[in-house]
Amino acid sequence: MEYQIKAYAKINLGLDVIGKLPDGYHEVKTVMQTVGIYDELTLEKAESGITVTTDSDKLPAGEDNLVYKAAKLMKEKYHIQEGVKIHLKKNIPIAAGMAGGSTDAAAAMKGMSRLFGREADLQEFMKMGVTIGADVPYCIIGGTALAEGIGEKLTPLELAPECYVLVAKPDISVSTKYVYEHLDAVGVKVHPDIDGMVEAINAGSLQGILDRMGNVLEAVTIPKYPVIDDIKRRMRELGAVNSLMSGSGPTVFGIFLDEDHAQAAMGRLREEGLAKQLFVTTFC
Ligand code: ATP
C-alpha cells in the first residue's frame, strides 16, 4: 500500500526579529502563510529500515534528508518495527526561505502516522517536529499563523484574504544560518508592525496587510544580493500591490489583485532573466 501526501511551502508576510535567546537563537515574530506550491511524498511500507529517494540532484538522499530524520523520529517514538520507503518529488525552491525542508519533514511525520496507523495529536507532533527544525511545527498546522519564540510558538489566524502571489527565486542560494549570524552586525533599525498585521488579517483587510509587509532580514540579504531588490521593484512596476523577500531569502513574492497581471509579470521576469524559478499561486 502506498500513501501520498503533499507538503506545502510558506511565505512570510511579515518577519521581525525582536531579540536573542541565551542559547544564541534569534527570537522572531512572524506571520506565516501557506501557498499553493508543494512537494509530493510517496510512502510505502518495507521490510526494514528507512530509504529516502528524491528526484532532485541538489538534495541529499538518505540520512541527511530531513524526511529521513522525520521518519526515524516517528519510528522510534511510536515503536514502528516495519521499514519504510519514501520518495520525494521536489518542486519547492531549495534554500529559498520557503521552509521546503521543514514542510517535507512535517509531511513525512503525518504520512508515517497514516501509513502505520499511529494516531497522534497535533500538539505531540509539533513537540517532536521542533527537534528537527524551528519551522516544522508551523508546517504541521499550516494556513495563516503568527509564529513567535524561535518560530515554534504558534497562534492560528483567520485565513488571509484572497489574492494572487507571484513567487520568484533568483538563481542564488542563501543559508538561513548566514543571514541570522550577520543580522547582529547590521542590527534591526525599523521593526515591521506585526501586531497591526495580525489585526488586519483577523479583520480580513488585504490593504491592512499590504501596508504592514516588512522583513528585517532584507537588511542582510539585499546589500549582498541586490537582485532581490531588483525583483521586488520590478514586480511593483509590473502591477504588484506590494512585494517582499520571504524568510531568509532569496525568494521574493509579489501580491497581485488579479491573475492576468500576475501571469504577465511572471513572463516578463522570466524574459528579463531575473529569476528562473517562478510560480503564480494563491494563499491556501
Ligand atoms: P527556511 O525557510 O526554513 O529557512 P529554506 O527554504 O531556507 O528553509 P530548505 O529548502 O529547507 O531551506 O533547505 C535548507 C537545507 O536543508 C538545504 O541546503 C538542504 O541541503 C537541506 N535539506 C535536507 N533535507 C531537505 C529537504 N527534504 N528539502 C529541502 N532541503 C533539505
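Nothing here was measured: the structure is a model prediction, and the numbers come from that model.

(A) Spatial organisation of the overall build of the protein. Counting secondary structure elements, the protein contains ten helices and eleven strands. Against the 2.2 N^0.38 benchmark of 19 Å for 284 residues, the protein shows a C-alpha radius of gyration of 19 Å, consistent with a compact globule. The principal-axis extents of the C-alpha atoms in the protein amount to approximately 55 × 45 × 35 Å. Here the protein holds 284 residues, and 54% of them are scored as buried. A fraction of 74% describes how many contacts in the protein between residues 6 or more apart in sequence connect residues 24 or more apart.

(B) How the structure looks around the sheet that holds strand 9 (residues 242-245). Taken in spatial order, the four strands make up an open sheet running 9-10-7-11, and their pairing is antiparallel. The open sheet terminates on both sides in strands that have one partner only, identified here as strand 9 and strand 11 (277-281). Each neighbouring strand pair of the sheet contributes to a mean axis angle of 15°, computed without reference to strand direction. Two strands pair when backbone bridges link them, and strand 9 and strand 10 (residues 252-256) are joined in this way by four bridges, in the antiparallel orientation. Within the sheet, the bridge partner assigned to Leu244 lies in strand 10 and is Phe253.

(C) Spotlight on the domain arrangement of the protein. Here the protein is described as being made up of domain 1 (2-156) and domain 2 (164-281). In this complex, domain 1 contributes 25 residues to the contact, which on the side of domain 2 involves 34 residues. When domain 1 packs against domain 2, the two sides together hide about 2200 Å² of surface, and 65% of this comes from carbon and sulfur. Between Asp184 and Lys20 there is a salt bridge whose closest N-O contact spans 2.8 Å. On the surface where domain 1 and domain 2 come into contact, there are twelve residue pairs in polar contact (both at pLDDT 80 or more). Elements with a minimum of two residues in the side of domain 1 that touches domain 2: strand 1 (2-20), strand 2 (26-46) and strand 5 (144-149).

(D) Spatial organisation of the site of the ligand. The local shell around the ligand holds 20 residues, among which Asn65, Ala99, Gly101, Asp135 and Thr176 are the closest. The backbone of Met98 places a nitrogen or oxygen atom 3.1 Å from an oxygen atom of the ligand. Note that a nitrogen atom of the ligand is positioned 3.0 Å from one of the side-chain N or O atoms of Asp104. Protein contacts shield 79% of the accessible area of the ligand, which totals 610 Å² for the unbound molecule. Here the shell around the ligand takes three residues from helix 2 (residues 100-115), the largest share from any one element.

(E) Structural detail: helix 1 (residues 66-77). Taking 1.5 Å per residue, twelve residues should reach 16 Å; helix 1 reaches 16 Å between its end C-alpha atoms and fits that length. Looking only at helix 1, the buried set comprises Val67, Tyr68, Ala70, Ala71, Met74 and Lys75. Down the axis of helix 1, the buried set is contained in an arc of 165°. They therefore lie on one face. Contact partners of the buried residues in helix 1: strand 2, strand 3 (50-54), strand 4 (83-89), helix 2 and helix 3 (122-129). With a side-chain oxygen positioned 3.0 Å from the backbone nitrogen of Val67, the residue opening helix 1 is Asn65.

(F) Summary view of unusual backbone geometry. For the peptide bond that leads from Gly249 to Pro250, omega is 0°, which places it in the cis range. With respect to the helices and strands, Pro250 occurs in the loop between strand 9 and strand 10. In this structure, His79 takes a positive phi of about 50° despite not being glycine. By the secondary structure assignment, His79 is in the loop between helix 1 and strand 4. With a relative accessible area of 59%, His79 lands in the exposed category. Positioned with a positive phi, Ala99 is a non-glycine residue whose angle comes to about 60°. With respect to the helices and strands, the residue Ala99 is situated in the loop between strand 4 and helix 2. For Ala99, a relative accessible area of 11% corresponds to the buried category.

(G) The pattern of salt bridges, seen in detail. By the definition in use, this model includes 16 salt bridges. Across the pair Arg234 and Glu272 runs a salt bridge whose closest N-O atoms are separated by 2.8 Å. Pair noted here: Arg234 is in helix 9 (residues 227-237) and Glu272 is in helix 10 (residues 259-272), with a separation of 38 residues, a long-range link. Assessed through its relative accessible area of 18%, Arg234 is described here as buried. For Glu272, a relative accessible area of 33% corresponds to the partly exposed category. Its salt-bridge partner being Glu272, residue Arg268 comes within 3.6 Å of it at the nearest N-O pair. You can see Arg268 and its partner Glu272 sitting in helix 10, four residues apart, about one turn around the helix. On the basis of relative accessible area, Arg268 is assigned to the partly exposed category, the value being 37%. Within this structure, Arg234, Glu237, Arg268 and Glu272 form a network of salt bridges that share partners.

What counts and how
Residues numbered from 1 in each chain as written. Predicted model: local features only at pLDDT ≥ 70, side-chain atom pairs only at ≥ 80, totals over all residues. Heavy atoms only, no water. Helix = DSSP H or I, 4+ residues; strand = E, 2+ residues; numbered from the N terminus. Rg over C-alpha atoms; globule rule 2.2 N^0.38 Å. Buried < 20%, exposed > 50% of the residue type's maximum accessible area, 1.4 Å probe, protein only. Contact = heavy atoms within 4.5 Å. Pairing = 2+ DSSP bridges. Axes fitted to C-alpha atoms, helices over the stretch in contact; angles between N-to-C directions. Domains from an automatic or database assignment. Buried area = accessible area lost by both parts, 1.4 Å probe. Salt bridge = Lys/Arg side-chain N within 4 Å of Asp/Glu carboxyl O. Polar contact = N/O pair within 3.5 Å; in protein donor to acceptor, adjacent residues only side chain to side chain. Near = heavy atom within 4 Å. Areas by Shrake-Rupley, 256 points an atom, 1.4 Å probe, with all protein chains shown as cover. Expected span 1.5 Å × (residues − 1). Arc of directions from axis to C-beta.

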